[in-house]
Amino acid sequence: MLGYRVPAPDEAMLISGGKSGRDGTPFRVVTGHGAFAMPFSRSVSFLTLAMREAEVAEQCVTKQGITLEVRAVIAFKVGNDPESIVNAAQRFLSDQDQMTVLAGRIFAGHLRSIVGSMTVEEIVTERQKLATEVLDGSKAEMVKMGLIVDSLQIQSIDDLGAGYITAMASPHNAAIQRQAKIAQAQANQAAAEAEQESQRKQAEYERQTAIVRAQYKAEVDKAQAEADQAGPLAQAGAQREVIAAQTELAERQAELRQQQLVSEVVKPAEADAEKVRVIAKADAERMKIQAEAAASYNRVALDRMLIDQLPQIVREAAAGLANANINVLNGADGLGEIAAGLVGQGLTIFDSVKQNMSDSRESAPQLAEPPGDPDDGNTQPQAAV
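This one's a predicted model, so the numbers in the text were calculated from it and none came from an experiment.

Conventions and cut-offs
Residues numbered from 1 in each chain as written. Predicted model: local features only at pLDDT ≥ 70, side-chain atom pairs only at ≥ 80, totals over all residues. Heavy atoms only, no water. Pairing = 2+ DSSP bridges. Helix = DSSP H or I, 4+ residues; strand = E, 2+ residues; numbered from the N terminus. Axes fitted to C-alpha atoms, helices over the stretch in contact; angles between N-to-C directions. Contact = heavy atoms within 4.5 Å. Patch = residues over 30% accessible without salt bridge, like charges linked within 9 Å, V, L, I, M, F, W, Y side chains within 5 Å. Areas by Shrake-Rupley, 256 points an atom, 1.4 Å probe, with all protein chains shown as cover. Salt bridge = Lys/Arg side-chain N within 4 Å of Asp/Glu carboxyl O. Core = buried A, V, L, I, M, F, W, Y, C linked by side-chain atoms within 4.5 Å. Buried < 20%, exposed > 50% of the residue type's maximum accessible area, 1.4 Å probe, protein only.

## Quick look at the sheet that holds strand β8 (residues 147–158)
Sheets are built from strands that pair by backbone hydrogen bonding, the pairs being arranged parallel or antiparallel.
In step 1: Strands sit in the order β6-β7-β8 across an open sheet of three strands; the sheet is antiparallel. Pairing within the sheet leaves two strands with one partner each, and these edge strands are β6 (52–61) and β8. Averaged over all pairs of adjacent strands, the angle between their axes in this sheet comes to 20 degrees, without regard to strand direction.
In step 2: In this sheet, β8 lies alongside strand β7 (residues 67–78) in antiparallel orientation, the contact comprising 10 bridges. Of the residues in β8, the one forming a bridge with alanine 72 is isoleucine 154.
In step 3: The strands touched by helix α2 (residues 98–116) within the sheet are β6, β7 and β8, with β6 carrying the most contacts at an inclination of about 35 degrees.

## As for a nonpolar patch on the surface
In step 1: Taken together, the side chains of Tyr4, Val6, Phe36 and Met38 make up a nonpolar region of the molecular surface, amounting to roughly 390 Å² of accessible area.
In step 2: Residue position: methionine 38 is located in the loop between β4 (35–36) and β5 (43–48).

## With respect to the nonpolar core
Nonpolar side chains in soluble globular proteins tend to end up buried together.
In step 1: Formed by 42 residues in total, the largest nonpolar core has its most connected members in Leu111 and Leu130.
In step 2: The biggest single contributor to this core is α2, with eight residues.
In step 3: Non-local contacts of leucine 111, meaning those with residues more than four positions away in its chain, are made with Val56, Glu58, Cys60, Val70, Leu130, Val134 and Ile154.

## Concerning unusual backbone geometry
The general pattern is negative phi for most residues beyond glycine and trans for most peptide bonds.
In step 1: A positive phi is found at leucine 160, a non-glycine position, where the angle reads about 60 degrees.
In step 2: If you trace the backbone, leucine 160 turns up in the loop between β8 and α5 (164–295).

## Considerations on the environment of valine 101
In step 1: Here valine 101 shows up in helix α2.
In step 2: Between the C-alpha atoms of valine 101 and glutamate 53, which are 48 residues apart in sequence, the distance is 9.8 Å.

This is how it looks when you write it as structure tokens:
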């Protein structure tokens, strides 16, 4: 539309001519919306509200007399309020670049003033304090020009080769280096301790692993040895059982054989020995009776009595032989020797008795002959010995 103008978002539109602006200003300020300006009777201008930047590099003398070059950056702009826009427009509308130059000069002057009241140590260690004091000192002048400062940053501080800042930093550098070395040594020590601990743990793990492996191997070897010995042990056990059974069988066979020998040899030998003993005893008894009869007067009667009792003696001897219990040391040979000895002794005794009886008969008076005929059949024959 003819005569209707709209400013940019970062601009302020100034309409001059005709009626003055508010509060007696020489022009009307329009921001954020459009406005109608009568052509030919109204003049329209635009003032930037965008952010501007000014760099300051100034040589300043400190409180100690040391020259420092301080570099700073200032970010500023025209204020958004109509008063600031009017103040800035009245000063910079025809040459808006002058805002940067003038702002830099203003800050440079205040920077020299503030640095002159501070020491190098304060400037280096308290840069924010320096920036704040510079802002506070220039704020009133900037407001008069319709400018506001968003930030002030101290970029660098240089002693122009004097070495003061370096010397000032030397103790701190030495302390920092010392601390760095200590920290590095502590880190190396911690790393060495960690490595040693890791090696110890690894060695301990390897030792435990070796122990477990040895235990497993011992168990496997033991199981293998037991498996290898199982067959021979079972065979040996079976052989022991066979030998034990054979031994028991041999013992039983020996006992049976012993019983057989007792039944077949010892008992008969004992019976024979008892028989011989009884016979010998009977013979001795007979000879004793004959001797007694020979010594008496009635010799014939004694002989007959002896002859009559001889069968009874033999029968008693035979009856006693059945319960005989004689130990024979040499088996059948020993039994034969005993029997032969007893018989020989019995015969010798019998012959001696007969001889004594004969001698007695010759010397003794003749007895009356017993009744009966010696030749009749009532007289029993003498038992043969």
